[in-house]
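Working through the structure, step by step
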Amino acid sequence: MDLESTLDELYALRPHEFTAVRNQRAAEARRAGDRELAERIRALRRPTVSAWAGNMLVRREPDKVRPLISLGEGLREAHRNLDGEQLRELGRQQHLLVGALAREARQLAAEEGQSVGEAAFHEIEATLHAVLADPEAARQWAAGHLDRPLNAPVGFTGLEAGAGATVRPARPARREPEPPPKSPPEPEEDAGARRRREKLDRARQDAEEAERQAREREQAHKEASAALERSQAALDGISERVAALAQELEEARERQRQTEREHRDAREEAARASRAARDARRRADKAATVVGRSGAGA
């Protein structure tokens, strides 16, 4: 037993299962003589519903982790280098992706029989915003061992500057001067700007792909839910029919038992009548024999 495998096991459990299994693992470590591991396991905290749902998203949909982290890298770069218009575009993608992933986490929880209320849903969104804002929060989330929701740094929304960030406002529209007779060549894009642009493009592509996958997952979930409802309705109908047939069968068996009793009684009555007839015949034959003998002696 080691701490990492125990973390993986415990934080994959539903919240109400956590405490009992944690205590069991701590006791096992203590019996094995590893008091330090036992204490560390014993200190682990039961996850909130929102933290557990976020862990579920990491475990069940690992392909969604990288796009969100990539978008976070792009957003943090945007806070440092881009103008307001570009930052607002990334903020729009952030809003769409966070909403889609939070809804998917709630659906995964529902599939496990765990409801996620509005407060917990907003905590899931807060965790995803923290992942976008903070590399350390992204690392914690990607490990899948959260016990509490995460919070983004103050001021980081994807739409405005965070601490220490400088965002250049969008330039107001102005009248373009008449072009000179011969335009000078435009300056070449420097390497740093090109890298930032390429990184931003990748972040946008990752966000769009993750959003597309989330929409597909939501649609598949809706279709599966509809199919489940239809199947449940069919099962309920069949169950009712089986119950009716079972009742009919029991009634038929009771009629069979009653008929068998009546048949047995009739057979016994017929046997008694047969014996009585034989006895009567013997008495009649005996009486006739006596009468015959008497007549012969007269």
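Predicted model, so just to flag it, every value in this text is computed and none were measured.

**Overview of the overall build of the chain**
A tally of helices and strands in the chain yields nine helices and zero strands. Mapped in sequence order, the helices and strands of the chain form the string α-α-α-α-α-α-α-α-α. Within the span of the chain, comprising 298 residues, buried residues form 32% of the whole. Considering only intrachain contacts with a sequence separation of at least 6, the fraction spanning at least 24 residues in the chain is 73%. Summed over its atoms, the accessible surface of the chain is roughly 19200 Å², and 51% of this surface lies on carbon and sulfur atoms.

**Some details on the confidence of the model for the chain**
In this model, the chain carries a mean pLDDT of 79, and residues with pLDDT of at least 70 account for 74%. The low-confidence segment residues 157–176, where pLDDT is below 50, has 35 contacts with residues more than four positions distant or belonging to other chains.

**Some words on helix 2 (residues 15–31)**
In this model helix 2 runs 25 Å from its N-terminal to its C-terminal C-alpha over 17 residues, within 8% of the 24 Å that 1.5 Å per residue would give. Taken together, the buried positions of helix 2 are Pro 15, Phe 18, Val 21, Arg 22, Arg 25, Ala 26 and Ala 29. On its buried face, helix 2 sits against helix 1 (3–10), helix 3 (35–42) and helix 4 (49–60).

**A look at the packing of aromatic side chains**
Scanning all chains against the criterion turns up one aromatic pair. Look at Tyr 11 and Phe 18: their rings are 5.2 Å apart centre to centre, the planes differ by 45°, and that puts the pair in the tilted class.

**Some thoughts on the packing of helix 1 against helix 2**
Interhelical geometry of helix 1 versus helix 2 gives an angle of 160° and a closest axis separation of 10 Å. When the axis of helix 1 is compared with that of helix 2, the two are roughly antiparallel. Helix 2 is crossed by helix 1, and the crossing has right-handed handedness. Residue-level inspection shows Thr 6, Glu 9 and Leu 10 of helix 1 in contact with helix 2, the latter providing Phe 18, Val 21, Arg 22 and Arg 25. Residues belonging to the contact of helix 1 with helix 2 are distributed by class as follows: three nonpolar, one polar and three charged.

**Describing the environment of Pro 47**
Here Pro 47 lies in the loop between helix 3 and helix 4. Separated by 37 residues in sequence, Pro 47 and Leu 10 have C-alpha atoms that sit 9.5 Å apart. Beyond its immediate stretch of four places on either side in the chain, Pro 47 contacts Tyr 11, Pro 15, Phe 18, Trp 52, Leu 146 and Asp 147.

**Let's talk about helix 4**
Between the first and last C-alpha of helix 4 there are 16 Å, a value that for 12 residues agrees with the 16 Å anticipated at 1.5 Å per step. Of all 12 residues in helix 4, nine are buried, a share of seventy percent or more.

**Topic: the packing of helix 2 against helix 3**
At a minimum axis separation of 7 Å, helix 2 and helix 3 run at an interaxial angle of 170°. Classed by the angle they form, the pair helix 2 and helix 3 counts as roughly antiparallel. Within the contact between the two elements, helix 2 uses Arg 22, Asn 23, Arg 25, Ala 26, Ala 29 and Arg 30 and helix 3 uses Arg 35, Leu 37, Ala 38, Glu 39, Ile 41 and Arg 42. Counted by class, the contact of helix 2 with helix 3 contains five nonpolar, one polar and six charged residues.

**Some details on the pattern of salt bridges**
According to the stated counting rule, one finds 15 salt bridges in the structure shown. Between Arg 66 and Glu 73 there is a salt bridge, with the nearest N and O atoms lying 3.2 Å from each other. Since its relative accessible area comes to 44%, Arg 66 is described here as partly exposed. In this structure, the salt-bridge partner of Arg 272 is Glu 269, at a minimum N-O distance of 2.3 Å.

How each quantity is defined
- Residues numbered from 1 in each chain as written.
- Predicted model: local features only at pLDDT ≥ 70, side-chain atom pairs only at ≥ 80, totals over all residues.
- Heavy atoms only, no water.
- Helix = DSSP H or I, 4+ residues; strand = E, 2+ residues; numbered from the N terminus.
- Buried < 20%, exposed > 50% of the residue type's maximum accessible area, 1.4 Å probe, protein only.
- Contact = heavy atoms within 4.5 Å.
- Areas by Shrake-Rupley, 256 points an atom, 1.4 Å probe, with all protein chains shown as cover.
- pLDDT = per-residue confidence, 0-100.
- Expected span 1.5 Å × (residues − 1).
- Phe/Tyr/Trp six-rings, centres within 6.5 Å; stacked < 30°, edge-to-face > 60°.
- Axes fitted to C-alpha atoms, helices over the stretch in contact; angles between N-to-C directions.
- Parallel < 35°, antiparallel > 145°, perpendicular 65-115°, else oblique.
- Left-handed = near helix turned anticlockwise from the far one by under 90°.
- Nonpolar A, V, L, I, M, F, W, Y, C, P; charged D, E, K, R; others polar.
- Salt bridge = Lys/Arg side-chain N within 4 Å of Asp/Glu carboxyl O.

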